[in-house]
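Remarks on the overall topology
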Amino acid sequence: MATWGYGNDNGPATWVKSFPVAAGTRQSPIDIVPTAAKCDTKLTENPLTVNYSPEPAMELCNPGLSVKANIKSKSVIKGGPLEGEYKLEQFHLHWGSADKQGSEHTLNGKMFPAELHLVHYNATKYSSFGEAVDKPDGLAVFGIFLKISDKPHQGLKSLTDVLSEVQYKDKSINIKQEYNPVCLLPDNINKYWTYLGSLTTPPLCESVTWIVFEEPIEVSEDQMKAFRALCCGECGSAPIVDNYRPPLPLGNRQLRASFQ
Ligand SMILES: NS(=O)(=O)c1c(F)c(F)c(S(=O)(=O)CCO)c(N[C@H]2CCc3ccccc32)c1F
Ligand SMILES: [Zn+2]
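Within each chain, residues carry numbers counting from 1 in the order of the written sequence. Whichever chain is written first is A, and whichever ligand is written first is 1; the rest continue in order. For this predicted model, a pLDDT threshold of at least 70 governs which residues receive local features, and a threshold of 80 or more governs which side-chain atom pairs are given and counted, while totals over whole chains, interfaces and linings are taken from all residues. Computation of side-chain values covers all heavy atoms of the structure but excludes hydrogens and water.

The test is simple: UniProt positions are given in the numbering used here, feature names are shortened, and annotations may be inferred rather than shown by experiment.
An unreviewed UniProt entry lists the chain under the name Carbonic anhydrase, with Lottia gigantea given as the organism. UniProt's Catalytic activity (unreviewed entry) comment on the chain is quoted here verbatim: "hydrogencarbonate + H(+) = CO2 + H2O". Its UniProt record gives the chain a comment under Sequence similarities (unreviewed entry), which states: "Belongs to the alpha-carbonic anhydrase family."

The following block contains the structure:
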């Protein structure tokens, strides 16, 4: 089976052939239309809480379609739309070949240059990420929009400064100095939208409670260039760009907002 990707012959429109759930009723991403969101006070009565801890040795890898940081320490989230405690497993990004595109979720049809995903699994109910990945309440993913500013994002700088060391597929490095993923979150995490969705890459499991923050984080153009310099394969292969799935219909799902 030809491996899936983001090209013309293996991109999002072809995934349904090998992953029929691509045509399911709770697929991600979606276009977020704030006026269509229902403000739900239950989300604020039980506020989303993030207890991230420093990562002693984080592994950064280039699996060929994105860049992924695997997490070992006990960083957990709970509250908001979540029942139980969800443990941080990994984070990764999706980005464009130009600033006009790159994010997976869109805001009133607008794409951001990139989107950061922090992937958590339901550690209260399941014993591993692998067990949780295909359960309806298995995963919770933070979606954070990236926007361009003239200053680099300090939290991402520890990663963008070393991306050249994982330029080629299957390369990985250990980030030695302590790294607390909390530095990746926007200042205000009390304003978010949430809905029931899926992984945005194959196997597209409908197992994700999405939490998309209203406040973007700001990155520099040079940091975007560092992501766009990553390669899909070995030396000389195409750059990893436009690794985003376009939005799917919300259908009869309820998009909820934690704020007015
Ligand atoms: N977008 S998302 O948050 O719904 C999302 C996930 F939630 C998730 F769990 C994964 S996974 O760890 O690789 C498991 C499925 O392969 C991916 N896999 C992506 C991320 C990085 C990468 C690299 C190669 C192949 C797939 C992926 C993912 F894009
Ligand atoms: Zn993702």
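Section: the pattern of salt bridges
Under the convention used in this document: Here, a salt bridge means any Lys or Arg side-chain nitrogen found within 4 Å of an Asp or Glu carboxyl oxygen. Only protein chains enter the accessibility calculation, which uses a 1.4 Å probe; a residue whose area is less than 20% of its type maximum is buried, one above 50% is exposed, and one in between is partly exposed. In this description a helix means any DSSP run of H or I spanning at least four residues, a strand means any run of E spanning at least two, and both kinds are numbered starting from the N terminus.
Tallied over the full model, the rule gives 12 salt bridges. Residue K42 is joined to D40 by a salt bridge in which the shortest nitrogen-to-oxygen separation is 3.7 Å. Looking at K42, the relative accessible area reads 52%, which means it is exposed. Of the charged contacts in the structure, one is a salt bridge between R256 and D40, with a shortest N-O distance of 2.8 Å. Placement of R256 in strand β15 (residues 256-257) and of D40 in the loop between β2 (38-39) and α2 (41-45) is noted, with a sequence separation of 216 residues between them.

Some words on the site of ligand 1
For clarity, the threshold we go by: Here, proximity means that at least one heavy atom of the residue falls within 4 Å of the molecule or strand. Polar contacts, as counted here, are pairs of nitrogen or oxygen atoms within 3.5 Å of one another; within protein the pair requires one atom able to donate a hydrogen and one able to accept it, and residues that are adjacent in sequence qualify only if both atoms are side-chain atoms. Here the open area of atoms and residues is found with the Shrake-Rupley method and a 1.4 Å probe, where only the protein chains shown may cover a residue. Following the grouping adopted for this structure description, the nonpolar residues are Ala, Val, Leu, Ile, Met, Phe, Trp, Tyr, Cys and Pro, the charged ones are Asp, Glu, Lys and Arg, and the polar ones are all others, Gly among them.
Around ligand 1 sit 19 residues, and of these Q90, H92, L199, T200 and T201 come closest. Between ligand 1 and H94 there is a distance of 3.3 Å, counted from a nitrogen atom to a side-chain nitrogen or oxygen. At a separation of 3.4 Å, a nitrogen atom of ligand 1 approaches a polar side-chain atom of T201. Protein chains shield 87% of the accessible area of ligand 1, which is 560 Å² for the free molecule. Residue assignment for the shell around ligand 1 shows that the elements contributing at least two residues are β7 (86-95) and β9 (114-122). Ranked by residues supplied to the shell around ligand 1, first place goes to β7 with three residues. The class makeup of the residues in the shell around ligand 1 is 10 nonpolar, seven polar and two charged.

Notes on the nonpolar core
Threshold: For this analysis, a nonpolar core means a set of buried residues of the types Ala, Val, Leu, Ile, Met, Phe, Trp, Tyr and Cys, connected via side-chain atoms within 4.5 Å. Contact definition: two residues touch when any of their heavy atoms are within 4.5 Å.
One finds L60, V67, F91, W95, L116, L118 and F142 to be the most contacted residues of the largest nonpolar core, which totals 43 residues. Top contributing element to this core by residue count: β7, with five residues. If sequence neighbours within four positions are ignored, V67 has contacts with L60, C61, F91, H92, L93, W95, L163, V166, F227 and L230.

As for the coordination of the zinc ion (ligand 2)
For clarity, the cut-off: Metal donors were taken as nitrogen, oxygen and sulfur atoms no farther than 2.8 Å from the ion, or 3.2 Å where the ion is Na, K or Ca. Water is excluded, so coordination may look unfinished. Angle rules define the geometry names used: all angles between 85 and 135 degrees makes four donors tetrahedral, while opposite donors over 155 degrees apart and all other angles between 65 and 115 make four donors square planar and six octahedral, leaving every other case irregular.
With distances of 1.9 to 2.1 Å, the protein atoms coordinating the zinc ion (ligand 2) are H92 (NE2), H94 (NE2) and H117 (ND1). One can describe the donor arrangement at the zinc ion (ligand 2) as tetrahedral, given that its four donor atoms subtend angles of 102 to 114° at the metal. A residue is classified by how much of its surface remains accessible, and H92, at 13% relative accessible area, is buried.

A short note on the pairing of strand β4 (residues 58-61)
Here is the rule: Here, strands pair whenever DSSP counts at least two bridges between them.
Looking at chain direction, β4 and strand β11 (residues 172-175) are connected through four bridges and run antiparallel. Opposite L60, over in β11, you have I173 as the bridge partner. Strand direction decides the pairing type here: β4 and strand β5 (residues 68-70), joined by three bridges, are antiparallel. Counted as the bridge partner of E59 is N70 from β5. The turn linking β4 back onto β5 is made up of six residues, and G64 within it adopts a positive phi angle of 105°.

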